[in-house]
Amino acid sequence: VKETIGRDLSYAFYDVTNYFFEIDFPAGEDDLRKKGVSKEHSTNPITAMGLFMDENGLPISMSIFPGNTSESLTLQPTMQDVKESYGLGRLVVVADKGLNSAKNIDMIVNAGDGFVFSQILKGKKGQRYKDKLFDNSGWTWNENATYGYKLFTEEYEGKDKDGKKEIRTRKVLLYWNKPQADMARRKREEKLKKAALAVKNNAYGIKKGVDEYTKEDIVDQETGEILENTKKLRSVDLEKAERDAMYDGYLCIITSELDYDERKIRQVYGGLWRVEQSFRIMKTDLYARPVFVNKNEHIRAHFLICFVALLIIRIIQHRMGKQALSAERIAR
């Protein structure tokens, strides 16, 4: 790739997915197949894959991890491998909020590299942006008010190579998008309908689906007083739905690159879709899962074959330019 096309490594896009196996339990302690949080909600053991891609959308590096490995822990070993393999200088890593952890940011900054990460806005992690988010001043809007953004710098605490605390500066982009707000509202309304139906039928569902807007109160049947060790009454959690509605359409990106403006930050982060699309290609067009091999070396070989097939398809698409066919049509 380096000799024939050239590696555009101004940015490295990284994401993690997992693949399930048609088995009930791992074979042993050292088995790569472990019970974990499946992206496809499978209850079977899974194996995780970390994938780096370049600016041209061509895969750079693939790493395989046990299925119970946290996403945030996969970045460091994979990134070191990429830098050593290519003898790279400074690298800007682009990833979603699953990879956004204090340890990963410290690792990236201490190595002299940069990052563009999405950031959670709800809960404790996003609490520090709440005032800025809902303060009407400082926002820039387009003509028909379907898109608005607020860009500012902030100081944050990190740790240097020796583990000592240091204050650093980064840029934060808050933005609101009407289509995404509409989509979030529709999804929530659908979940509320399912939650209301589940409560009516006294049916228990998967926590991430039906029960996301369902709450349980423990009450005394005679007085209605909330007590312990008594009957549970389930109801639709409308308060949570109202709280969530406040964040509809809002997104946040943080970056170490202080010279980036709003357009540049969104443009760079927008390239991450190529990795997500590549995972879909592997899982559907290349039949990467379910996986039917057992030994660790066979599992790694299986995914290496899938990785090479993906790279070849991406090279073909790159050569075809604007007339590129889909991976499905190329494979067929």
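Okay, so let's go over this structure. (Residues numbered from 1 in each chain as written. Predicted model: local features only at pLDDT ≥ 70, side-chain atom pairs only at ≥ 80, totals over all residues. Heavy atoms only, no water.)

Moving on, we get to the overall build of the chain. Along its length, the chain carries 10 helices and 11 strands. Principal-axis analysis of the C-alpha atoms places the extent of the chain at approximately 80 × 55 × 50 Å. Across the chain, every contact between residues at least 6 apart in sequence was considered, and the portion connecting residues at least 24 apart equals 61%. Just so you have it, the chain exposes about 18900 Å², and 51% of that area is on carbon and sulfur atoms. (Helix = DSSP H or I, 4+ residues; strand = E, 2+ residues; numbered from the N terminus. Contact = heavy atoms within 4.5 Å. Areas by Shrake-Rupley, 256 points an atom, 1.4 Å probe, with all protein chains shown as cover.)

This part takes up the pairing of strand β11 (residues 250-255). Judged from the three bridges that link them, strand β5 (residues 114-118) and β11 form a sheet pairing that is antiparallel. Paired with F117 across the bridge in β11 is I254. Bridge analysis of strand β8 (residues 165-177) against β11 gives six bridges, and the strand direction is antiparallel. The residue bridging L173 from the neighbouring strand is I253, located in β11. (Pairing = 2+ DSSP bridges.)

What follows deals with the pattern of salt bridges. Within the structure shown, the criterion is met by 16 salt bridges. Here K165 and E157 are joined by a salt bridge, their closest N and O atoms 3.9 Å apart. Under the relative-accessibility criterion, K165 is labelled exposed at 60%. By relative accessible area, which is 52% here, E157 ends up exposed. (Salt bridge = Lys/Arg side-chain N within 4 Å of Asp/Glu carboxyl O. Buried < 20%, exposed > 50% of the residue type's maximum accessible area, 1.4 Å probe, protein only.)

Attention now goes to helix α8 (residues 273-284). With 12 residues, α8 extends 17 Å between its outermost C-alpha atoms, agreeing within 8% with the 16 Å of an ideal straight helix rising 1.5 Å per residue. For α8, the full list of buried residues reads V275, S278, F279, I281, M282 and K283. Tucked into the core, α8 has its buried residues touching β1 (11-20), β2 (46-53), α9 (296-320) and α10 (327-331). (Expected span 1.5 Å × (residues − 1).)

Once that is clear, we can look at the environment of S63. Take S63: it is sitting in strand β3 (residues 59-66). Here S63 falls in the buried class, since its relative accessible area comes to 14%. With 155 residues separating them along the chain, S63 and I218 place their C-alpha atoms 47 Å apart. Discounting residues that sit within four places of it in the chain, S63 has contacts with A48, M49, G50 and T78. Only 3.4 Å separates the side chain of S63 from the side chain of T78, close enough to count as a polar contact. (Polar contact = N/O pair within 3.5 Å; in protein donor to acceptor, adjacent residues only side chain to side chain.)

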